[in-house]
Amino acid sequence: MAERIRAFDWSKTPIGPMDRWPQSLRTAVSICLGSRFPMMLWWGPDLINIYNDAFVSVLGGWHPRALGMSGRDVWTDTWPVIGPQVAHVMEVGGSTLNERVRL
């Protein structure tokens, strides 16, 4: 995924070209890519998807087109459950946890 992320035209997304990314985004992507655990991150108010190799299997048929897309557009089936949680995190901060929720 590291090569795919480098080659992606981020200027066509709300987060813009990689050379203008803030250090915090660069660090988050580095942590994500360095993990063998399935990880993805959403950046900014548009929740732009960036994910690692291990997360590809979670995405199923959405890979590779999910890269650079809004999380809202990729996770439409689960948005009724996760959308309010995402909104809470974005507005209030903190974290969420789903136990025994089948998504």
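It should be noted that the structure appears before, not after, this text.
Attention in this report is confined to the structure presented alongside it. (Residues numbered from 1 in each chain as written. Predicted model: local features only at pLDDT ≥ 70, side-chain atom pairs only at ≥ 80, totals over all residues. Heavy atoms only, no water.)

Remarks on helix 5 (residues 79–92)
- Spanning 14 residues, helix 5 covers 19 Å between terminal C-alpha atoms, matching the ideal 20 Å at 1.5 Å per step.
- Residues of helix 5 that are buried make contact with strand 1 (40–43) and helix 4 (71–74).
- Glycine 93 occupies a position one or two residues after helix 5 and carries a positive phi of about 100°. (Helix = DSSP H or I, 4+ residues; strand = E, 2+ residues; numbered from the N terminus. Expected span 1.5 Å × (residues − 1). Contact = heavy atoms within 4.5 Å.)

Section: the nonpolar core
- Counting 22 residues, the largest nonpolar core has Trp10, Trp21 and Ile50 as the members making the most contacts within it.
- When residues of this core are traced back to their parent elements, those giving at least two are helix 2 (23–34), strand 2 (48–51) and helix 5.
- Non-local contacts of isoleucine 50, meaning those with residues more than four positions away in its chain, are made with Ile5, Trp10, Ile15, Trp21, Leu25, Val29, Cys32, Met40, Leu41 and Leu67. (Core = buried A, V, L, I, M, F, W, Y, C linked by side-chain atoms within 4.5 Å. Buried < 20%, exposed > 50% of the residue type's maximum accessible area, 1.4 Å probe, protein only.)

With respect to unusual backbone geometry
- In this model, histidine 63 is joined to proline 64 through a cis peptide bond whose omega is 5°.
- Examined against the element boundaries, proline 64 turns out to sit in the loop between helix 3 (56–59) and helix 4.
- One non-glycine residue, leucine 47, lies in positive phi territory at about 55°.
- Position of leucine 47 among the secondary structure elements: in the loop between strand 1 and strand 2.

Some thoughts on the side chain of threonine 13
- Within the secondary structure, threonine 13 is located in the loop between helix 1 (2–7) and helix 2.
- Once you skip the residues sitting within four places of it in the chain, threonine 13 turns out to touch Phe8 and Gly68.

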